Amino acid sequence: MFWLEVLSHVVTIVGLPFALVVFILEQRKARRNEEDALYQSLAEAYTEFMALVLEHADLKLLTRHGTPTLDDEQRERQRALFDTLLGLFEQAFMLVYDGPMTARRARLWQTWEDYLRGWCRREDFREALPSLLEGEDRAFRDYVLRLLHEETVQRASPRAP
């Protein structure tokens with residue numbers, strides 16, 4: 001009987017903290033797996049968007065400069081693609097950026113910010129942004145406008161490439 005009592009105390013003293021540590025580690029692993037799945041889903045959505053861009057190669061959306069010589073039908077398709085792209089950026093913003101930013105999450109967001117900055121460098125995307133941002137989440141809109149301002153200032157700088 002004495003040994004059962006001692007064994008009971010040992011299990012309580014060692015087992016309970018061990019179980020708690022295992023539980024915490026499993027929770028972290030599950031959270032990381034959820035973040036990985038989320039990021040993978042967003043990356044796939046961007047890849048699908050880029051496939052659309054390739055399907056509409058006549059719009060020349062992969063060039064750095066805008067395409068001012070588009071006809072009305074092309075401009076409408078371009079507008080629809082820009083709207084789709086901005087929706088994807090907003091979704092990424094809401095799911096990745098908005099909330100506590102761990103170092104890992106900040107690295108994941110950096111990719112999306114790079115994509116967004118790249119698009120903000122396109123003249124026709126910049127021109128479409130004010131109307132594209134109407135009705136979007138306020139924090140997202142403010143974030144995009146801040147990036148747009150930074151890119152505009154950087155382009156105007158004499159050191160800009």
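Heads up: the structure comes first, above all this text.
Residues numbered from 1 in each chain as written. Predicted model: local features only at pLDDT ≥ 70, side-chain atom pairs only at ≥ 80, totals over all residues. Heavy atoms only, no water.

Enquirer: How do you make sense of the packing of aromatic side chains when you look at a structure like this?
Expert: In this description, a pair of aromatic rings is defined by centroid distance and the angle of the planes. What the rule picks out here adds up to 17 aromatic pairs. On the basis of an interplanar angle of 50° and a centroid distance of 5.2 Å, the ring pair of Y97 and W109 is categorised as tilted. Within this pair, whereas Y97 is found in helix α2 (residues 72–97), its partner W109 is found in helix α3 (residues 103–120), the two being separated by 12 residues in sequence. Using a relative accessible area of 4% as the deciding quantity, one classes W109 as buried. An angle of 50° between the planes, with centres 4.8 Å apart, marks the rings of Y97 and Y143 as tilted. Of this pair, Y97 sits in helix α2 while Y143 sits in helix α5 (residues 138–156); the two residues are 46 residues apart in sequence, bridging distant segments of the chain. Residue class for Y97 comes out partly exposed when judged on its relative accessible area of 27%. (Phe/Tyr/Trp six-rings, centres within 6.5 Å; stacked < 30°, edge-to-face > 60°. Helix = DSSP H or I, 4+ residues; strand = E, 2+ residues; numbered from the N terminus. Buried < 20%, exposed > 50% of the residue type's maximum accessible area, 1.4 Å probe, protein only.)

Enquirer: Any chance you could explain α5 here in plain terms?
Expert: An ideal rise of 1.5 Å per residue puts 27 Å on 19 residues; α5 measures up with 27 Å between its terminal C-alpha atoms. N-cap assignment for α5: the residue whose side-chain oxygen lies 3.2 Å from the backbone N of A139 is D137. (Expected span 1.5 Å × (residues − 1). Polar contact = N/O pair within 3.5 Å; in protein donor to acceptor, adjacent residues only side chain to side chain.)

Enquirer: Where do I start with unusual backbone geometry in this structure?
Expert: With the exception of glycine, most residues fall at negative phi, and the peptide bonds are largely trans. Positive phi, normally seen in glycine, also occurs at K60, with a value near 55°. Relative to the helices and strands, K60 resides in the loop between α1 (2–55) and α2. On the basis of relative accessibility, which here comes to 49%, the residue K60 falls in the partly exposed class.

Enquirer: For this particular structure, what's the right way to read the nonpolar core?
Expert: Considering soluble globular proteins, one finds that nonpolar side chains tend to be buried as a cluster. Within the largest apolar cluster, 32 residues are counted, with the highest numbers of intra-cluster contacts made by Y46, F49, F89, W112, W119, F125 and L129. Among the secondary structure elements, those contributing two or more residues to this core are α1, α2, α3, α4 (123–132) and α5. Tallying contributions element by element places α2 first for this core, with 9 residues. Dropping the residues within four chain positions of it, F49 is found in contact with L81, T84, L85, L88 and W119. (Core = buried A, V, L, I, M, F, W, Y, C linked by side-chain atoms within 4.5 Å. Contact = heavy atoms within 4.5 Å.)

Enquirer: Is there a simple way to think about the side chain of R122 in this case?
Expert: Here R122 shows up in the loop between α3 and α4. A distance of 3.2 Å separates a polar side-chain atom of R122 from the backbone oxygen of K60. Those residues within four positions of R122 in sequence are excluded, and the remaining contacts are L59, K60, L61, L62, T63, R64, H65, G66, T67, Q78 and F82.

Enquirer: Explain the pattern of salt bridges here, please?
Expert: As enumerated under the stated definition, the model contains 8 salt bridges in all. One salt bridge in this structure joins E73 and R77, with 2.6 Å as the shortest N-O distance. Linking E73 with R77, this pair stays in helix α2, spanning 4 residues, or about one helical turn. For E73, a relative accessible area of 44% translates into the label partly exposed. Residue E150 pairs with R146 through a salt bridge whose shortest N-O separation is 2.7 Å. Here E150 and its partner R146 are both found in helix α5, 4 residues apart, which amounts to about one turn of the helix. Exposure remark for R146: the relative accessible area of 38% places this residue in the partly exposed category. (Salt bridge = Lys/Arg side-chain N within 4 Å of Asp/Glu carboxyl O.)

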